[in-house]
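Here is how the chains run, residue by residue.
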Amino acid sequence: AHHRIWITSAYFIPSGPILKALSTAAGNGIDVRILVSKESDVRISRWVTSVFLLGLLQAGVRVFEYEPRILHAKSLLIDDWASVGSSNMNHRSLIHDLEVDVVLEEERSLADLVKYFERDLGNAKELTLEAYPRHFSVKKILGRCLFFFRYWL
């Protein structure tokens with residue numbers, strides 16, 4: 001990426017190399033934004049996602065929680081390349097599940113995806129490093145325990 005990595009993910013449980021790449025990109029001045037759902041239909045996935053968020057915020061990644069309802073969209077914008085489909089940002093989805101994604105090549109399709117992403121950000125709350133809770137809660141403890149089972153999530 002040269003200027004943008006924008007991710008919408010219903011179940012954001014990335015691998016270590018993806019986390020490192022996102023953190024490195026943000027550290028290099030690339031606009032990295034991740035949109036996740038504040039509430040999830042798979043509650044434990046949200047708990048595991050919370051394990052990653054503090055480190056991403058510290059690296060300069062902007063994280064947004066979609067608030068109106070459960071977000072089930074999955075999209076990836078990297079500069080002027082985009083993908084939309086059923087793949088989640090988790091191991092099972094990327095390696096095992098039968099997912100379908102479409103790469104968008106037309107400028108109009110890319111522009112529409114940018115517009116939809118920005119509209120969704122308008123319905124989301126940005127998490128900030130200053131406001132991110134650093135204390136341990138039951139959900140965070142469960143998330144850390146479930147983290148070791150992320151292969152199956």
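Let us look at the structure shown here. (Residues numbered from 1 in each chain as written. Predicted model: local features only at pLDDT ≥ 70, side-chain atom pairs only at ≥ 80, totals over all residues. Heavy atoms only, no water.)

## Overview of the sheet that holds strand S6 (residues 81-85)
Part 1 of the reasoning: Strand order across the open sheet formed by 7 strands is S8-S6-S5-S1-S3-S4-S9, with mixed pairing between neighbours. Looking at strand neighbours, the two that pair on one side only are strand S8 (101-104) and strand S9 (124-127), the edges of this open sheet. Across the sheet, the axes of successive neighbouring strands diverge by a mean angle of 15°, strand direction being ignored.
Part 2 of the reasoning: As paired elements, strand S1 (residues 4-8) and strand S3 (residues 31-37) share 5 bridges and run parallel to each other. Residue pairing for S3: arginine 4 is matched across the bridge by aspartate 31.
Part 3 of the reasoning: Contacting S1 and S3, helix H1 (residues 16-27) crosses the sheet at an angle of about 135° to S3.
Part 4 of the reasoning: Here helix H4 (residues 107-122) sits on the sheet and contacts S1, S3, strand S4 (62-66), strand S5 (75-78), S6, S8 and S9; the angle it forms with S1, its principal contact strand, is near 65°. (Pairing = 2+ DSSP bridges. Helix = DSSP H or I, 4+ residues; strand = E, 2+ residues; numbered from the N terminus. Axes fitted to C-alpha atoms, helices over the stretch in contact; angles between N-to-C directions. Contact = heavy atoms within 4.5 Å.)

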